[in-house]
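Commentary on secondary and tertiary structure
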Amino acid sequence: MRILHVASEIYPLVKTGGLADVVAALPPALVKRGLDARVLVPGLPGILKGMSDLKPLTRIGPAFGAAVVTLLSGRLPDSGVQAYVIDAPFLYRREGNPYVGPDGHDWSDNHRRFALLGWVAAHIASGELDPDWQPDVVHAHDWHTGLVPVYMAQNPGMKAATVFTVHNLAFRGIFSLDCHAELGLPTRKLTPHGIEFHGKLSFMKAGLVYSNRITTVSPTYAREIRTPEFGCGLEGVLRDRGVDLSGILNGVDYEIWNPDDPAIAQSYSTDNLDGKIACKSALQRELGLSDKAIGPLFAVVSRLTSQKGMDLLLAALPDLLREGAQLAVLGTGEGDLEAGFQYAASANPENVAVHIGYDETMSHRFMAGADIFLVPSRFEPCGLTQLYALRYGTLPLVRRVGGLADTVVDATAENLQADCATGFVFNDAVRQALGARIREACILYHDKATWQKVQRRAMVQDYSWDDSAANYEALYRSL
Ligand code: ADP
């Protein structure tokens with residue numbers, strides 16, 4: 001079975017979030033199962049630089065405002081998975097964030113940049129661009145690829161089926177209706193039953209309406225997005241597509257994320273947790289934190305946004321400090337939150353450290369060095385960092401929402417008794433609830449025997465890609 005994955009970012013070449021990790025890990029996991037999985041990505045500078053054996057395959061010609069468009073083929077680093085890259089210098093050769101220009105605003109031609117991605121996918125699917133390969137299923141990821149099934153539906157002879165995965169419904173790919181003229185789609189698609197969304201058009205909605213199946217990245221999020229609280233205005237469409245919508249949990253690449261990784265100060269395992277203590281001391285030294293704190297070291301590696309509950313954390317910081325605990329934050333995001341954390345660090349230099357920036361290697365040191373990993377999200381489609389944290393014996397403290405609810409078992413008295421607890425969970429997105437769970441986690445931290453038992457339980461959780469890939473394969477076969 002041949003599967004073409006279409007996405008706008010892929011680890012380690014271009015990454016702004018968990019989407020890139022998933023797109024890098026799922027295709028090789030499918031290949032391991034005997035499927036012929038390939039990837040189609042835009043020719044962003046990081047992708048053109050990082051691929052091996054990149055060669056021109058087909059000259060496509062002018063499209064979506066680009067004079068020269070060439071389909072290249074090559075292999076992804078590490079996995080060696082076969083990849084197609086769209087080289088369209090006029091649209092893609094821009095350094096920095098793939099979606100946003102240096103002025104902090106979305107690139108004004110994003111509708112054309114991502115329409116091209118969908119359009120090329122459709123033409124690979126119809127067999128025009130690679131005479132030797134045609135997919136059975138095209139699997140498109142997030143709003144950037146929402147037009148994939150729309151362009152595919154333009155060809156009545158199309159045999160390939162489509163799967164559309166929602167990684168984050170909050171980013172809906174909304175553009176003004178005027179953009180429609182540049183997309184090469186018939187106006188009959190421009191209705192509330194098609195890609196129109198409250199007087200605008202939405203690429204995300206296009207993917208939801210026109211794909212054969214919809215998945216999202218955890219079972220709980222698949223239920224939540226049918227409700228007004230989490231549906232971002234698309235809950236009606238998602239309820240209509242109810243039977244075609246399911247949740248498949250993301251996996252983790254344990255080759256990259258494990259407490260034996262080369263980025264950390266000392267490796268450790270369930271049998272010997274001493275290395276973790278060395279990792280904590282190294283992280284405290286690196287961040288200039290005191291090594292005298294009596295409480296645990298909490299860590300955050302995240303976009304600093306209200307989605308991630310970072311405002312709740314700032315509000316609950318006094319509760320954390322009152323317990324003699326420490327906080328280390330690695331992230332970038334909303335200006336007021338960055339400033340809030342920086343102010344907290346300057347006011348409490350011994351116990352709060354903040355690194356504003358995106359640093360993959362440093363994120364490994366945070367995972368290994370912290371005692372507790374905080375993910376107090378308002379909504380969380382799957383969340384990857386709590387899964388990484390589990391493997392490092394860094395107990396996640398999360399809100400009971402989306403994939404966090406599916407993956408962390410709360411350290412209640414019963415769960416501790418049954419030896420199935422792996423972290424801490426709170427319900428309401430309010431400072432008091434977060435603060436209370438932080439206090440309770442700090443109390444458990446002083447019970448070393450129980451703490452280590454929970455750590456060991458966390459470290460043996462298996463969220464590898466094998467199960468997820470098997471679920472995706474079953475979905476493709478059902479099509
Ligand atoms: P989202 O995709 O919503 O941002 P996920 O938890 O699914 O959240 O994925 C986030 C990914 O980005 C993880 O791999 C995490 O380690 C990484 N990440 C987030 N912020 C940073 C940062 N400042 N430095 C390094 N890695 C980061």
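For every chain, the first residue of the written sequence is number 1, and numbering continues from 1 onward in sequence order. Local features are withheld for residues below a pLDDT of 70 in this predicted model, meaning they are given only at 70 or higher, and side-chain atom pairs are given and counted only at 80 or more; totals for whole chains, interfaces and linings count all residues. Calculation of side-chain values draws on the structure's entire complement of heavy atoms; hydrogens and water are dropped beforehand.

Each aromatic ring pair is characterised by the separation of its centres together with the angle its planes make. Only Phe, Tyr and Trp rings are paired, with Trp represented by its six-membered ring, and only when their centres lie within 6.5 Å; those with planes under 30 degrees apart are stacked, over 60 edge-to-face, the remainder tilted. According to the stated counting rule, one finds 12 aromatic pairs in the structure shown. Note on phenylalanine 64 and tryptophan 119: the rings are 5.9 Å apart at their centroids and 75° apart in plane angle, and the pair reads as edge-to-face. Within this pair, whereas phenylalanine 64 is found in the loop between strand 3 (52-59) and strand 4 (70-75), its partner tryptophan 119 is found in helix 4 (residues 110-125), the two being separated by 55 residues in sequence. Working definition: with a 1.4 Å probe on protein chains only, accessible area under 20% of the residue-type maximum means buried, over 50% means exposed, and in between means partly exposed. Look at phenylalanine 64 and you get buried, because its relative accessible area is 13%. Residue tryptophan 119 is classed as partly exposed on the basis of its relative accessible area, which comes to 23%. Between phenylalanine 64 and tyrosine 151 the ring centres are 6.3 Å apart and the planes differ by 70°, which places this aromatic pair in the edge-to-face class. A helix here means a DSSP run of H or I that spans at least four residues, while a strand means a run of E at least two residues long, and both kinds are numbered starting from the N terminus.

Below, the discussion takes up the domain arrangement of the protein. Domain start and stop positions are those given by an automatic or database domain assignment. Domain annotation of the protein identifies domain 1 (2-251 + 465-478) and domain 2 (274-459). Computed over C-alpha atoms, the centres of domain 1 and domain 2 are 33 Å apart. Whether two residues touch is decided by their heavy atoms; if any such pair falls within 4.5 Å, the residues are in contact. Taken together, the 19 residues of domain 1 in the interface contact 18 residues of domain 2. Put simply, buried area is how much 1.4 Å-probe accessible surface two parts lose in total, over both of them, once they are put together. Carbon and sulfur atoms make up 60% of the area that domain 1 and domain 2 hide from each other, which totals about 1,300 Å². When the area that domain 1 buries against domain 2 is broken down by residue, the three leading residues are Lys15, Thr220 and Leu249, summing to 24%. Within this document, salt bridges are pairs made up of a side-chain nitrogen of Lys or Arg and a carboxyl oxygen of Asp or Glu, the two lying within 4 Å of each other. With a closest N to O distance of 3.5 Å, glutamate 360 and lysine 15 form a salt bridge.

What follows is about the pattern of salt bridges. Counted according to the given criterion, the structure contains 24 salt bridges. Here lysine 32 makes a salt bridge to aspartate 466, at a shortest N to O gap of 3.5 Å. In this pair, lysine 32 is assigned in helix 1 (residues 18-32) and aspartate 466 in helix 18 (residues 465-478), connecting sequence segments 434 residues apart. In this structure lysine 32 comes out as exposed when scored by relative accessible area, which is 68%. Residue aspartate 466 is classed as partly exposed on the basis of its relative accessible area, which comes to 41%. A salt bridge links aspartate 130 to arginine 38, with the nearest nitrogen and oxygen atoms 3.8 Å apart. With aspartate 130 in the loop between helix 4 and strand 6 (137-141) and arginine 38 in strand 2 (residues 36-42), the pair connects residues that are 92 residues apart, well separated along the chain. Per residue, the accessibility class of aspartate 130 equals that of arginine 38, and both read buried.

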